[in-house]
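Structural overview
Chain by chain, the residues run as shown.
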Amino acid sequence: MNIDRRRIAINVGAGFVPGMNAVIMGTALAAAKQGWEVVGIRDGFEGLLQQDRYPDGGLVPLSPQLIENLDPAGGGILGQSARIDPFQVRTVNEDGMVEEVDMSGDLLARLKAEHIDALISVVGGRGLSILYKLHRKGLNTVCIPRSIENDIAATMVSFGFNTALSVTIEMLDKARQAAQSARKIGVVEVLGAQSGWLALQAGIGVCADAVLIPEIPCDLRAVAVRMKEKISPRRPYGLVVVAEGAKFVDKQQSKAQKPSLKDSLSPLATGDASDHVIQRSGQMAEAVAERLQLLIAEETYPLVLGPWVRGGVPTAVDRQLGLAYGAGAVRALNAGKNGVMVAFVPPDIKFVPLAEAINKVRTVPLDSEFIEIARSLGIFLGREI
Amino acid sequence: MKNQSSSKSAPTGIVLNIQRYCSHDGPGIRTTVFLKGCSLRCKWCANPESIRKKPELSYDPKKCTGRKCGLCLKPPFPEGAFYFVEGSDDNVRVNWDLAVDCDETHASLCPTGALEMFGKVMTVDEVLDEVEKDSSFYRSTGGGMTISGGEVMLQPDFAAALLKEAHDRGLNTAIETACNAPWANLEKVLPHVDTMLHDHKLTIPERHKKWTGVENKRILENFKRAYETFPDTEFIARTPLIPGVNADEEHIRAVLAFIRPHKNVIDYELLPYHRFGLGKYESLGVVYELDDYKTPSDEVVERLRAIIDEAFGRSGQTAPAQK
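Here's a quick rundown of the structure. In this text, all values refer to a predicted model and were calculated from it rather than measured experimentally.

Another aspect to go through is the environment of Asp 173 of chain A. Residue and element names in this part refer to chain A. Along the chain, the position of Asp 173 falls in helix H6 (residues 161-182). Residue Asp 173 is classed as partly exposed on the basis of its 14 C-beta neighbours within 10 Å. Taking the C-alpha atoms as reference points, Asp 173 and Gly 203, 30 residues apart in sequence, are found 10.0 Å from one another.

A few words now on the pairing of strand S8 (residues 185-190) of chain A. Residue and element names in this part refer to chain A. Counting buried positions along S8 yields six of six residues, so the element is predominantly enclosed. Going residue by residue along S8, you find Ile 185, Val 187 and Glu 189 tucked away on one face and Gly 186, Val 188 and Val 190 tucked away on the opposite face as well. Two strands pair when backbone bridges link them, and S8 and strand S10 (residues 238-243) are joined in this way by six bridges, in the parallel orientation. Residue pairing in the sheet places Val 188 in a bridge with Val 241 of S10. Strand direction decides the pairing type here: S8 and strand S11 (residues 300-304), joined by five bridges, are parallel. The partner of Val 187 across the bridge, within S11, is Pro 302.

What follows concerns the sheet that holds strand S2 (residues 30-35) of chain B. Residue and element names in this part refer to chain B. If you trace the eight strands from one edge of the open sheet to the other, you get S7-S1-S2-S8-S9-S10-S11-S12, paired in mixed fashion. The outermost strands of the open sheet, each flanked by one partner alone, are strand S7 (120-123) and strand S12 (265-272). The average angle at which neighbouring strand axes cross in this sheet is 30 degrees, direction not considered. Pairing geometry for S2 and strand S8 (residues 144-148), over five bridges, is parallel. In the sheet register, Thr 32 faces S8, and the bridge partner there is Thr 146.

It is worth spelling out the pairing of strand S11 (residues 234-241) of chain B at this point. All names here are of chain B. Burial analysis of S11 places six of its eight residues in the buried class, the great majority of the element. When strand S10 (residues 195-199) meets S11, the two strands line up parallel, connected through five bridges. Bridge pairing links Asp 199 to Arg 238 in S11. Inspection of the sheet shows S11 paired to S12 by seven bridges, in the parallel sense. By the bridge assignment for S12, Leu 241 is matched with Pro 272. You can see the chain leave S11, run along helix H9 (residues 249-259) and come back into S12, and the turn it takes is right-handed.

Rules and cut-offs
- All residue numbers refer to position in the chain's written sequence, counted from 1.
- Here the convention is simple: chains get letters from A, ligands get numbers from 1, in the order in which they are written.
- Side-chain atom pairs in this predicted model are given and counted only at pLDDT of 80 or more, local residue features only at pLDDT of at least 70, and totals for whole chains, interfaces and linings cover all residues.
- We count a stretch as a helix when DSSP gives it H or I for four or more residues in a row; a strand needs E for two or more, and each element gets its number in order from the N terminus.
- Counts of 20 or more other C-beta atoms within 10 Å of a residue's own C-beta define buried residues, counts of 12 or fewer define exposed ones, and intermediate counts define partly exposed ones; C-beta atoms are placed from the backbone.
- When DSSP finds two or more bridges between two strands, those strands count as paired.
- Angular values range over 0 to 180 degrees, each being the angle between N-to-C directions of two axes fitted as lines to C-alpha atoms, with helices fitted over their stretch in contact.
- Assignment of crossover handedness uses the view with strands pointing away from the viewer, where a clockwise path from the first strand over the helix to the second indicates a right-handed crossover.

This is the structure:
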């Protein structure tokens, strides 16, 4: 492959994350420095696979002039699709029947026709699997990890997590003020289907009374005991942070949870229906608030942050990380890497083979320093270990 | 259909399931034959295993022994298709993007049956041999065989052969269809049908497209043409009732206005939306797009049924739940 003069593309997978322009800028600036041309594919792969939807073209030339005027705090000029799966593109055939067709071959052919010899994809856990499949089919690709929950195992920090953490802390502060005002216990559900990083770190950030995460199945009776200890006439309120994928220790408490569907959205989450269940956004906050109220004298009420944390202005950390990941992906291509994911393993940016990056979930280890910090601050983590 | 045999003597189709003792799929006690493959993508679908045309793998975590077995982590299973999450539990996870190429060979290797295939190729005789096991019930209740789906009209040659043979064996026949198919397909199937249950899902074309994947112009044309071309066939209109989507008086009245001029449309049933199919989505790794919707209240259902009863000149009926 001639790396002296290349034409590369960048696209963004499903799931909105603030500040995507930073990644695009990092890629474009680093590529321009190599003398490479960069184009952006609109809306995942749709800019290439459904070109008729884009009268002005499904590809966006990311020229240095355009990049200079791009706001790194912006949400992303390339857009995204609800799905980034060229292996199952929903379409209506000539007989007017809906079907899913494998357009991965078309995708590779169109990339070739556009003289694009490598693709940088900003994707989450499932997107990594799809890009891995495309890579096995011949696509030259470098992936950039994006995850609000920070659950991609091969990197210490995924793009988007820091902003989500910041917004979550801000919202939890407000929730606590509301709880204080109402003299109740606020039970706030935050994102985190499988890993509790967001709940744990945000809970630490606001010194919550309790934080319930999927990694530590909780005993609501123990939570109730701890809340009784914390609540007093001088402090007649409380704040419980619960990850949407939190689990209960006993079956009776688990009855509050119903069979999962959201699990099936992600290959990382599928197959654990019997005891790891999320019905819908808000279900966990409702279950915990309702059951906790039966165990204590105080009133509880559920709040759900959910998609609120997907918006906002990216933090300085995410802006830096986005630029670094974009530039890192170009560096990977320049070094002849292919089929890898850029990873931040402090203090280095590393390149992890996609085969090693997929099918792994970055969960909170029970001996994590964050667990210790939380305990030191008096935050109850659902049960004694 | 590509997946049907060209042999006229033994046409084959892909059958998802044969369910006996059904009481809501036409008159009397019936055996319902579910065919695989659908031409719509209704967001509320309770039978996701019927959507895709080809046989496909499913995974039931309750039957899986997890780490104790681990057979699916080794060849011949595709690399990365099955895995464990370290530090979590002993349950197998399925990477559905990589497991999509698994077939019967793979499923047969699972010692506990946690992996199995939805859908198998069957001949007309194989299906009818199963259906005829309950012939005595059909005779005593006026029942028979119903073909459902998926969409019957996606396998028109097989469905036609099956229905014709059922008639030849003296069985009453019914189909459940949304009629989103070329008229040529309907023309093959309908001559062998005694009762056609058909869905009026939404009235407004663009809303129909939003919730099912296509507009309803051709569907309505097919309904009307079917009513007129097959005057001796009984038609029963149905609506899967979903709050916030179509559980409103306007839709019900629009359907009534469409069907009432046709005397062979003998009834209009409401099928209150239920969530029984949700677990199946998980076992298939399929996205369920109607997660936050609730079942309609009894009050709403009764109010809408009263409108239908009034239009049909009767007082009260008990309609079945959504299929």
